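Commentary on secondary and tertiary structure
Spelled out from the first residue to the last, the chains are:
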Amino acid sequence: MQRITHQIVRIGSIFLQFFIYLVVSYSVIFFIMHAADGSPLNNENTMPLTHAHDSSIARIIEKPLPILYINTFKNFIFFNWGTSFFNSIDSLVYYIPQALSITLLFTVVTVIVSVLLSLFLALIAIFHPKKWLRSLIILFIIFIGSLPHVIIAPILFILISRYMPSIILTSSWFYPPKFFTTIILISLPYTALFAKLIYIDLKEATQWFHLKQLLAMGFSLSQSLWCLRNRLLSPISRYIGIAIPQLLSGFILVEDIFRIPALGSISIEAINRRDYPIILITSMIFSLSIWIFTRLALFLQQKIDPRVGVSL
Amino acid sequence: MKKKQYYLLLMIISIFMTGTIYLSSRMPNHIQKYTPFQSPQIRKLPILGSDALGRDYMPRLQTAIVTSLKISFFSLTCTFILSLALAISVSHMPTVISQSILYLLRILFIIPSILLASSLLQSTKLRHLTMIITLILALLYPLVHMMHALLESQKKESYWLVSKSLGGSHWLFTKKHQFPYLLWHSIPIAFSRFPRLLVLESTLSFLGIGIQEPSISLGLLLQQSLPYAQSHSYLFYIPAFSFISLLFLLQWLGLYIPALMKQVTE
């Protein structure tokens, strides 16, 4: 009975935290958007309002700010997201989740690829017998960490489109060369970051008592490392909570160049067109996803390293 | 690395910076007599070639580097001062208030930079100011959070406990303990974030939300050269190479600043 009560209180506290977070982030985003003379739609370059009184935009502009604040919040919570100003046929409730699922797929695959690649690079940089190769790998890690998307994305796009013009012509985001190029592109900075973290951790870990013990017991290096996999992943686990939200909103530029209909490209298109409902909903999804993934990362960290002692 | 080598390195960097600023006084938007799309050449001007309007590419590149560095460095300095002030004030406040301030800063941090930049641009119409505020808000929370954690760990030190038991004032604690401790520990961490600010500034300019013509920054230069990247590749690869070198240099400097500071104390 006591355990059930404890669980209920715990879940209740999580929901309360989530709700407070939702209200505060909504308020900040709402008022930032309205900082531009009361409404982000006051730009004369936005679009011609031929029938201003009949249009949905005019209806939003004319409402007083407090009523607009409450109504929009209510609509957001009850999934009554309405439509875009430029497309009144497709409802955003169906349109945005599609984009979100593409973003999530890219994020999850990118995290897996980054973790595997970084482990591979860091292990070579530490355990390879040839010194020149170890130094080369360290230089390579620093080099890929210095490659921003703003440079590497156009370069890769130009190079690949030269040898594979179909990447420009295709409208599908799941076209394999396009998909895998994007994944590698997005995972590069995170691979460098994770590899650096594992490398720093492993530099001290060569004197590990446990590793020495396992090696002395006759296990091979790979078997010993497999036994210590949780310890190996421990330095990354605390950064995954930061990396996943950054990934969710951080590859807007790559989405823009490779024409991927994910959340970032929709968001930037909406910002350029002052499409108020989309801006609000995408920003809210970004901020809520940060809360959710930070919590999940803490949970993951606790599972990997129980000494952390953080509960969900 | 020896002390002399550090001084030599610092001298090279300062010469590079001052030289760039001096040379960038040439008008970057001035349309000269050069034919459009003149390739880079060593013997005569334009050394780095000319763009579609026949403008020399060299002063444009220099101005772009200087603008990006100026904006990022100014934002970094402002953020550092703001974070110092916030972290020290928060440490003297009751826990509820300090946690609320940190919570609000966190909310500001998680708002997508693009939304923030576009809304600020709409209200202020000043691109440089918008960019600086966006960069400040992107870095403020991580720095304040880190400084707050540092100050909390300092409270467990024996000298802090002794001072506390002797009944020192808040001002004395700030002046004698917190300020030097924070400065010493946070300068290398803050500087290591400098390349990130540079990348964020360039990305926003590349997406058309940051710096715009007639000013020029690295991101804008890359964006402008993108349509000619296949036909006149030097227009893209020269700023790209400069950008990568700059980032590499800054990352390297960021790695060696702690070692340099350690040597200074010794």
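Residues numbered from 1 in each chain as written. Chains lettered and ligands numbered in written order. Predicted model: local features only at pLDDT ≥ 70, side-chain atom pairs only at ≥ 80, totals over all residues. Heavy atoms only, no water.

Thoughts on the overall build of chain A
How we decide: Each helix is a run of H or I in the DSSP string that is no shorter than four residues. Each strand is a run of E no shorter than two, and both are numbered from the N terminus. Accessible area is worked out with a 1.4 Å probe on protein chains only. A residue is then buried under 20% of its type maximum, exposed over 50%, and partly exposed in between. Only the protein chains shown count as covering a residue, and every accessible area follows the Shrake-Rupley method with a 1.4 Å probe.
The helix and strand inventory of chain A stands at 14 helices and 0 strands. The order of α-helices and β-strands along chain A, N terminus first, is α-α-α-α-α-α-α-α-α-α-α-α-α-α. In chain A, which comprises 312 residues, the proportion classed as buried is 46%. A total of about 16400 Å² of accessible surface is found on chain A, and carbon and sulfur atoms cover 67% of it.

Comments concerning the overall build of chain B
The criterion, for reference: Working rule for contacts: check all heavy atoms of both residues, and any pair within 4.5 Å makes them a contact.
What chain B contains, in helices and strands, is 10 helices and 0 strands. Per-residue burial for chain B yields a buried fraction of 47% across its 266 residues. Excluding contacts between residues fewer than 6 apart, the proportion of contacts in chain B whose partners are at least 24 apart in sequence is 69%. For chain B, the accessible area works out to roughly 13400 Å², and carbon and sulfur atoms hold 70% of it.

A few points about the interface of chain A and chain B
The test is simple: Joining two parts hides part of their accessible area as seen by a 1.4 Å probe, and the buried area is that hidden amount summed over both. The term salt bridge refers to a pairing of a side-chain nitrogen on Lys or Arg with a carboxyl oxygen on Asp or Glu at a separation within 4 Å.
Every contact between the two is made by 41 residues of chain A and, on the other side, 34 residues of chain B. Carbon and sulfur atoms supply 76% of the area buried between chain A and chain B, which totals about 3400 Å² over both sides. Looking only at chain A, the three residues that lose the most surface to chain B are A:Ile32, A:Val150 and A:Ile151, adding up to 16% of its buried area. Counting across the interface, chain A meets chain B through 0 salt bridges. Mapped by element, the contributors of at least two residues to the side of chain A that touches chain B are helix H1 (2-33), helix H5 (131-145), helix H6 (149-163), helix H12 (252-258), helix H13 (263-273) and helix H14 (276-304) of chain A.

What to know about the confidence of the model for chain A
Applied cut-off: Each residue gets a pLDDT score, which is the predictor's confidence in that residue and runs from 0 to 100.
Per-residue pLDDT for chain A averages 77, and the proportion of residues at 70 or more is 84%. pLDDT under 50 marks residues 37-53 of chain A. Its contacts with residues more than four places away, or in other chains, come to 28 contacts.

Things to note about the UniProt feature "transmembrane region" (unreviewed entry) in chain A
All names here are of chain A. Heads up, the rule is: UniProt positions are given in the numbering used here, feature names are shortened, and annotations may be inferred rather than shown by experiment.
Taking the UniProt record as the reference, the feature "transmembrane region" (unreviewed entry) is found at residues 12-33, 99-124, 136-159, 179-199 and 278-298. Its end C-alpha atoms 31 Å apart, residues 12-33 is made of 100% helix and 0% strand. Helix makes up 100% of residues 99-124 and strand makes up 0%, while its end C-alpha atoms are separated by 37 Å.

Points about the domain arrangement of chain A
Residues and elements named next belong to chain A. To be explicit about the condition: An automatic or database domain assignment supplies the start and end points of every domain. For this analysis, a polar contact is any N or O atom pair within 3.5 Å, provided that within protein one partner can donate a hydrogen and the other can accept it, and provided that sequence-adjacent residues contribute only side-chain to side-chain pairs. Here the term charged refers only to Asp, Glu, Lys and Arg, the term nonpolar to Ala, Val, Leu, Ile, Met, Phe, Trp, Tyr, Cys and Pro, and the term polar to all other amino acids, Gly among them.
Examined at the domain level, chain A breaks down into domain 1 (2-40 + 60-80) and domain 2 (94-304). The interface of domain 1 with domain 2 comprises 16 residues on the first partner and 13 residues on the second. Interface area, domain 1 with domain 2, both sides summed: about 1500 Å², of which 82% is carbon and sulfur. Inspection of the region where domain 1 meets domain 2 yields 0 salt bridges. Viewed at the interface, domain 2 and domain 1 are joined by 2 residue pairs in polar contact (both at pLDDT 80 or more). Secondary structure elements with two or more residues in the side of domain 1 that touches domain 2: H1 and helix H3 (65-77). Top contributing element to the side of domain 1 that touches domain 2 by residue count: H1, with 10 residues. Looking at the side of domain 1 that touches domain 2, its residues break down into 12 nonpolar, 4 polar and no charged.

So, the UniProt feature "transmembrane region" (unreviewed entry) in chain B
Residues and elements named next belong to chain B. In the numbering adopted here, UniProt assigns the feature "transmembrane region" (unreviewed entry) to residues 6-24, 71-90, 96-117, 129-151 and 234-257. This span, residues 129-151, is 100% helix and 0% strand, and a straight line between its end C-alpha atoms measures 31 Å. Taken end to end, residues 234-257 comprises 100% helix and 0% strand; its first and last C-alpha atoms sit 34 Å apart.

A short note on the packing of aromatic side chains
All names here are of chain A. To keep it simple, the criterion reads: Only centres within 6.5 Å qualify two rings of Phe, Tyr or Trp (six-membered ring in Trp) as a pair; their planes then separate them into stacked at under 30 degrees, edge-to-face at over 60, and tilted for everything else.
Scanning all chains against the criterion turns up 16 aromatic pairs over all chains. With centroids separated by 5.0 Å and ring planes inclined at 50°, the aromatic side chains of phenylalanine 106 and phenylalanine 179 adopt a geometry described as tilted. Residue phenylalanine 106 is found in helix H4 (residues 92-127), and its partner phenylalanine 179 is found in helix H8 (residues 176-205); the two are separated by 73 residues along the sequence. For phenylalanine 106, a relative accessible area of 0% puts it in the buried group. Aromatic side chains phenylalanine 179 and phenylalanine 180 sit 5.3 Å apart centroid to centroid with 85° between the ring planes, which places their arrangement in the edge-to-face category.

So, unusual backbone geometry
All names here are of chain A. With a phi close to 55°, phenylalanine 79 is a non-glycine residue in the positive phi region. Of note, phenylalanine 79 is situated in the loop between H3 and H4. Given a relative accessible area of 53%, phenylalanine 79 falls into the exposed group. Positive phi, close to 55°, is recorded for arginine 259, a residue that is not glycine. Its place among the elements puts arginine 259 in the loop between H12 and H13.

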